[in-house]
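Read off the chains here:
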Amino acid sequence: MAPPALLAKRHRAALRTAAFLSPWLIGFAVFFAYPLLSTAYFSFTRYDGFRPPAFNGTANWSYVFTDYPLFWPALRNTLWLVVVMVSCRVVFGLGVGLLVTKVKTGAGLFRTLFYLPYLAPPVAATLAFVFLLNPGTGPVDTLLDGTGLPAPGWFTDPGWSKPALTALALWGVGDLMVIFMAALLDVPKEQYEAAELDGAGPWARFRHITLPNISPIILFAVVTGVIQAMQYYTQPLVAGKAAAGVIGGSGQQFEPGYPDKSTLTLPQLVYNLGFQRFDYGAACVLALVLFALSMAFTALLMRRRGGLTGADA
């Protein structure tokens, strides 16, 4: 058994450590642990925000997974956005970053032009895209008609609505461009010079030097992109409303997902169930599904991080 003096010293050290950690511990408990536990509790209750919650077992879970007709379309759309939109944003952001780092003249201008769209408010940017891609009067379809190319329905066509949202996400790729530029400029130039002396071509240098050096940044971009896609709410909702010709007002009910549930996402259902239908129990089930999916994708990416770039995990 340790001497009393040593035990007292360890006790004081533990108290000091707890004191330094207390801001984080309090924030974690108040803003993460308590909301998460409350969400799990309410998912097993019948609760409308007015009357006290009443325990109803797994009724909310059964309703969401078997009886709620919008859940599975929203889940498919969300997973599509996670796989396709996140992948396109990462690849496009990396490509733009590589392009800007290679520019010798006017690099500052190009950086500004590529970054400015990211600063546009989501609602304004989405409304602008809906106008530009309007099948009847939009300049994009007018230009396509003039060149003899087929003009898609974009936000009014279920088959094109998600690609149109992906195009909107690519337009605002300035955040990833800046991150990738910083990573690319940090790659040691000596490695490129040595590879050139060994006869390595551009693709070989990119694969064996650039990708391994920036692999942590790519992982960061993918993980944060997945989390953002799981929270994708404003752009599809505004695009659906604008394309449907609905001008939302105070207290107005609008079923999200236009056209034909193709822009419906899980965060929209959380809001629709919780704050429009006052079914907090079912909304909490959807929130937990989103949390579980985000954790699963993040864990998978962390375990398979070497597969993102060909680098060692």
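Residues numbered from 1 in each chain as written. Predicted model: local features only at pLDDT ≥ 70, side-chain atom pairs only at ≥ 80, totals over all residues. Heavy atoms only, no water.

## Here we look at the overall build of the protein
Under the convention used in this document: Secondary structure elements are defined from DSSP: runs of H or I of at least 4 residues count as helices, runs of E of at least 2 residues count as strands, and each element is numbered from the N terminus. Only protein chains enter the accessibility calculation, which uses a 1.4 Å probe; a residue whose area is less than 20% of its type maximum is buried, one above 50% is exposed, and one in between is partly exposed. The contact criterion used throughout is that any non-hydrogen atoms of two residues lie within 4.5 Å. Accessible areas in this description were obtained via Shrake-Rupley with a 1.4 Å probe; residue shielding takes into account the shown protein chains only. Neither His nor the chain ends contribute to the count of charged residues, in which Lys and Arg are positive and Asp and Glu negative. For charged residues, the charge sits on one atom: NZ in Lys, CZ in Arg, CG in Asp, CD in Glu.
Helix and strand counts for the protein come out as 14 helices and 2 strands. Overall, the protein is about 70 × 65 × 30 Å in size when its C-alpha atoms are taken along their principal axes. Burial statistics for the protein: of 313 residues in total, 37% are counted as buried. Considering only intrachain contacts with a sequence separation of at least 6, the fraction spanning at least 24 residues in the protein is 66%. For the protein, the exposed area adds up to about 18,000 Å²; of that, 67% sits on carbon and sulfur atoms. Side chains of the protein carry 21 positive and 15 negative charges; the gap between the two charge centres is 12 Å.

## As for a nonpolar patch on the surface
Put simply, the rule reads: Each patch is built from salt-bridge-free residues with over 30% relative accessible area, joining like charges within 9 Å and nonpolar side chains (Val, Leu, Ile, Met, Phe, Trp, Tyr) within 5 Å. Salt bridge, as applied in this entry: a Lys or Arg side-chain nitrogen positioned within 4 Å of an Asp or Glu carboxyl oxygen.
Taken together, the side chains of L21, W24, L25, F28, F32, F291 and M295 define a hydrophobic patch exposed on the protein surface, amounting to about 680 Å² of accessible area. Contributing elements (two or more residues each) for the nonpolar patch: helix 1 (4–42) and helix 13 (280–303).

## Overview of the confidence of the model for the protein
The following threshold applies: Confidence of the prediction at every residue is given by pLDDT, a number between 0 and 100.
When pLDDT is averaged along the protein, the result is 89, and 94% of the positions lie at 70 or above. Averaged pLDDT values for the elements of the protein fall to 55 in helix 14 (residues 305–309) and rise to 96 in strand 1 (residues 45–46).

## Overview of the side chain of D141
Position of D141 relative to the elements: it lies in helix 6 (residues 139–146). Comment: no salt bridge for buried D141; closest opposite-charge side chain is K162, at 18 Å.

## Some points on the environment of S62
Structurally, S62 is set in helix 2 (residues 59–67). On the basis of relative accessibility, which here comes to 38%, the residue S62 falls in the partly exposed class. The sequence separation of S62 and A282 amounts to 220 residues, and the corresponding C-alpha distance is 9.4 Å.

## Remarks on the environment of L36
Tracing the backbone through its elements, the reader meets L36 in helix 1. Residue classification places L36 among the partly exposed residues on the basis of a relative accessible area of 27%. Along the primary structure L36 and L288 are separated by 252 residues, whereas in three dimensions their C-alpha atoms are 8.2 Å apart. If we skip the residues at most four places from it in the chain, L36 touches L288 and F291.

## Topic: unusual backbone geometry
Following Y258, the chain continues to P259 via a peptide bond in cis, the omega torsion being 0 degrees. A positive phi is found at W154, a non-glycine position, where the angle reads about 55 degrees. Classification of W154 as buried rests on a relative accessible area of 13%. The residue D260 is not glycine, and still its phi comes out positive at about 55 degrees. Given a relative accessible area of 62%, D260 falls into the exposed group.

## Some points on the packing of aromatic side chains
Operational definition: Here is the rule: rings of Phe, Tyr and Trp (six-membered ring for Trp) pair when centre to centre is within 6.5 Å. Planes less than 30 degrees apart are stacked, more than 60 are edge-to-face, and the remainder are tilted. Should the NZ of a Lys or the CZ of an Arg lie within 6 Å of a ring centre and within 35 degrees of the ring normal, that charge is described as sitting over the ring.
In the structure shown here, the tally under the stated rule is 20 aromatic pairs. Taking 6.2 Å as the distance between ring centres and 70 degrees as the angle between the ring planes, the aromatic pair formed by F275 and Y280 counts as edge-to-face. When its relative accessible area of 53% is taken as the criterion, F275 is described as exposed. In textbook terms, an aromatic cluster arises when at least three aromatic residues are bridged by ring pairs, as seen for Y41, F42, Y47, Y233, Y271, F275 and Y280. Between the NZ or CZ atom of K162 and the centre of the ring of W80, over which it lies, the distance is 5.8 Å.

## Brief notes about helix 12 (residues 266–276)
With respect to burial, helix 12 is a largely interior element, 9 of its 11 residues being buried. Taken as a whole, helix 12 has its buried residues at L266, P267, Q268, L269, V270, N272, L273, G274 and Q276. Summarising the contacts, the buried residues of helix 12 are in contact with helix 3 (71–102), helix 10 (202–230), helix 11 (234–244) and helix 13. Trailing helix 12 by a residue or two, F278 shows a phi angle of about 55 degrees, which is positive.

## Focus: the environment of A194
Tracing the backbone shows A194 in helix 9 (residues 189–197). Sequence-wise, A194 and A296 are 102 residues apart; in three dimensions their C-alpha atoms are separated by 40 Å.

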